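Examination of the molecular architecture
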Amino acid sequence: MLSNMSGDVIGTATASAPGTCGELVQGMTGGTHFLVTCPINQFSRATVTLRVADLAESVAVVKGIDHLPKARQAVATALEKLAPHLGIADLTAEVAIANPIPAGKGMGSSSADITAALGAVGTAAGQPFSPESIARIALSVEPTDGVMFPGIALIDHRCGSISESLGAPPPLEVIVIDTGGTVDTLEFNRTDRTALWQEVASRTDEALELVREGIRKDDPELVGRGATISARAGHLPQMADWVERAAAFADEQGVAGINVAHSGTVVGILLDARERRSKPVYRRALEAFADAESVQHFRMIGGGVR
């Protein structure tokens, strides 16, 4: 049992978690909502100091991230779970989060914040959270991306009924085209889109099988083909022109394919990294999508806390 003196520092830790370029696949399979992650090398970084709560503080307190209510709620939930295991009545956490990932774009900004913060909380307490535990806490706040799982992951992002690490990402680079504007994911997920996903279920199943096979075989082309099918089948209506423009550009450049944020504003151009063509293709994308809010170049990586 740890010391229970008010204000005692229990531990300090820093952790990071990646954002995403939308998803490789999203839809329904077997009646269950799911997505397949597309983590990229852009990170949220959280530093946490845990203390025994002051006697005047009767509940878990999270300081420093009032401007990030989703992450704040997730950390508060984590403190409530940790305190009994540490033999402490109440905990307080001082949290600082640095995150360059834009919010409301479908790039997993909130999921990265929550994953990084919970990773740091668990490490500071000496009791790291498993990816499954992080996902459960994240899902208590809102539907979540699966960036807390290693590699490329399939997750029921609404209820958490299924989760699976599909394997390490194939060598893929991603040119991320931000079409502008934002999407409120909480509001988006209040609408029941079951009928819409069921209409495209056969294409979603085909996309998922191609992506599974591509990850299993370390084949960027198969992953790109599957992601393209899903992007065309399940994007937001306002993204239709951008998705088709991106698909036409990918065909012209002879790259692996495209993917999309199914509930966001970004579309990705997927390139086989082994071909070492990303710089010239990126330059052409800057010209082809000059009307976009931004065009950026990233690498696909595995998920998980770092």
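Heads up: the structure comes first, above all this text.
Keep in mind it's a predicted model, so treat the numbers as computed, not measured.

With that out of the way, let us pick up the overall build of the chain. A count of helical and extended segments in the chain gives nine helices and ten strands. Taken against the 2.2 N^0.38 rule, which gives 19 Å for 306 residues, the C-alpha radius of gyration of the chain at 20 Å falls within 12% of a compact globule. Counting only C-alpha atoms and orienting by the principal axes, one finds that the chain spans roughly 65 × 40 × 35 Å. For the chain, the exposed surface amounts to about 12,600 Å²; the carbon and sulfur share of it is 50%. Counting 26 positive and 36 negative side-chain charges, the chain places the averaged centre of each group 4 Å from the other.

A separate point is the pattern of salt bridges. For the structure on display, the rule yields eleven salt bridges. Salt-bridge contacts for Lys105 lead to Asp178; the nearest nitrogen and oxygen are separated by 3.0 Å. Taken together, the residues span a long stretch of sequence, with Lys105 in the loop between strand E4 (91-98) and helix H2 (109-125) and Asp178 in strand E7 (residues 172-178) at a distance of 73 residues. One exposure class covers both Lys105 and Asp178, and it is buried.

Glancing now at the environment of Ala125. Along the chain, Ala125 turns up in helix H2. On the basis of relative accessibility, which here comes to 11%, the residue Ala125 falls in the buried class. Remark: the alpha-carbon pair of Ala125 and Asp192, spanning 67 residues in sequence, is separated by 39 Å. Residue contacts for Ala125: discarding those within four places in its chain leaves Ile10, Leu50, Leu82 and Leu86.

One can find His33 in strand E2 (residues 32-52). His33 has contacts with Gly27, Met28, Ile155, Asp156, His157, Arg158, Thr194 and Trp197, leaving out every residue within four places of it along the chain.

In terms of nonpolar packing, the biggest core is built from 42 residues, with Leu50, Val75, Leu79, Val95, Leu118, Val121 and Phe129 touching the most fellow members. Breaking this core down by element, the ones donating at least two residues are strand E1 (9-29), E2, helix H1 (69-86), E4, H2, helix H3 (131-141) and strand E5 (152-155). Among the elements that make up this core, the one with the highest residue count is H1 (nine residues). Look past the residues within four positions of Val121 in its chain and what remains in contact with it is Val48, Leu50, Val75, Ala78, Leu79, Leu82 and Phe129. Of all hydrophobic cores here, the second largest spans 31 residues; its members include Leu24, Val174, Ala207 and Val211.

Our next topic: helix H9 (residues 278-288). Turn by turn, an α-helix covers 3.6 residues, leaving residues three or four places apart pointing in a common direction. Ser278, Val281 and Ala285 are the residues of H9 that are buried. Summarising the axial view, the buried residues of H9 lie within an arc of 65 degrees, below the 170-degree limit, and thus occupy one face. Of the exposed residues in H9, the ones pointing more than 90 degrees away from its buried face are Lys279, Arg283 and Glu287. The inward-facing, buried residues of H9 abut E7, helix H8 (240-253), strand E9 (266-272) and strand E10 (294-299).

Let's shift gears to the packing of H1 against H2. Between H1 and H2, whose axes approach to 9 Å, the crossing angle comes to 20 degrees. One finds that H1 runs roughly parallel with respect to H2. The two elements H1 and H2 cross, and the hand of that crossing is right-handed. Across the interface between the two elements, Lys70, Ala71, Ala74, Val75, Ala78, Leu79, Leu82 and Leu86 from H1 touch Ser110, Asp113, Ile114, Ala117, Leu118, Val121 and Ala125 from H2.

With that settled, the discussion passes to the layout of surface pockets. In this structure, the second largest pocket spans a volume of roughly 230 Å³. Looking at the second largest pocket, it is lined by twelve residues, and the ones nearest its centre are Arg193, Leu196, Ala233, Gly234 and His235. Of all the secondary-structure elements, those providing two or more residues to the lining of the second largest pocket are helix H5 (194-199) and helix H7 (220-234). The element contributing the most residues to the lining of the second largest pocket is H5, with three residues. In terms of residue class, the lining of the second largest pocket is built from seven nonpolar, three polar and two charged.

Okay, the environment of Ile88 next. Locating Ile88 in the fold gives a position in the loop between H1 and E4. Judged by relative accessible area, which is 5%, Ile88 ranks as buried. As a C-alpha pair, Ile88 and Arg51 span 37 residues in sequence and 10.0 Å in three-dimensional space.

What follows covers the pairing of E1. Within E1, 16 of the 21 residues are buried, which leaves the element mostly enclosed by the surrounding structure. Relative to E2, E1 runs antiparallel, the two sharing 16 bridges. Its bridge partner lying in E2, Gly11 is registered against Leu50. Here E1 folds back onto E2, and the loop between the two strands holds two residues, one of which, Gly30, carries a positive phi near 60 degrees.

What counts, and where the lines are drawn
Residues numbered from 1 in each chain as written. Predicted model: local features only at pLDDT ≥ 70, side-chain atom pairs only at ≥ 80, totals over all residues. Heavy atoms only, no water. Helix = DSSP H or I, 4+ residues; strand = E, 2+ residues; numbered from the N terminus. Rg over C-alpha atoms; globule rule 2.2 N^0.38 Å. Areas by Shrake-Rupley, 256 points an atom, 1.4 Å probe, with all protein chains shown as cover. Lys, Arg positive; Asp, Glu negative; His and termini not counted. Charge placed at Lys NZ, Arg CZ, Asp CG, Glu CD. Salt bridge = Lys/Arg side-chain N within 4 Å of Asp/Glu carboxyl O. Buried < 20%, exposed > 50% of the residue type's maximum accessible area, 1.4 Å probe, protein only. Contact = heavy atoms within 4.5 Å. Core = buried A, V, L, I, M, F, W, Y, C linked by side-chain atoms within 4.5 Å. Arc of directions from axis to C-beta. Axes fitted to C-alpha atoms, helices over the stretch in contact; angles between N-to-C directions. Parallel < 35°, antiparallel > 145°, perpendicular 65-115°, else oblique. Left-handed = near helix turned anticlockwise from the far one by under 90°. 1 Å grid on protein atoms, 1.4 Å probe; cavity = no way out; pocket = protein on both sides within 12 Å on 5 of 7 lines; lining within 4 Å. Points joined across faces, edges and corners; volume = space filled by probe spheres on them. Nonpolar A, V, L, I, M, F, W, Y, C, P; charged D, E, K, R; others polar. Pairing = 2+ DSSP bridges.

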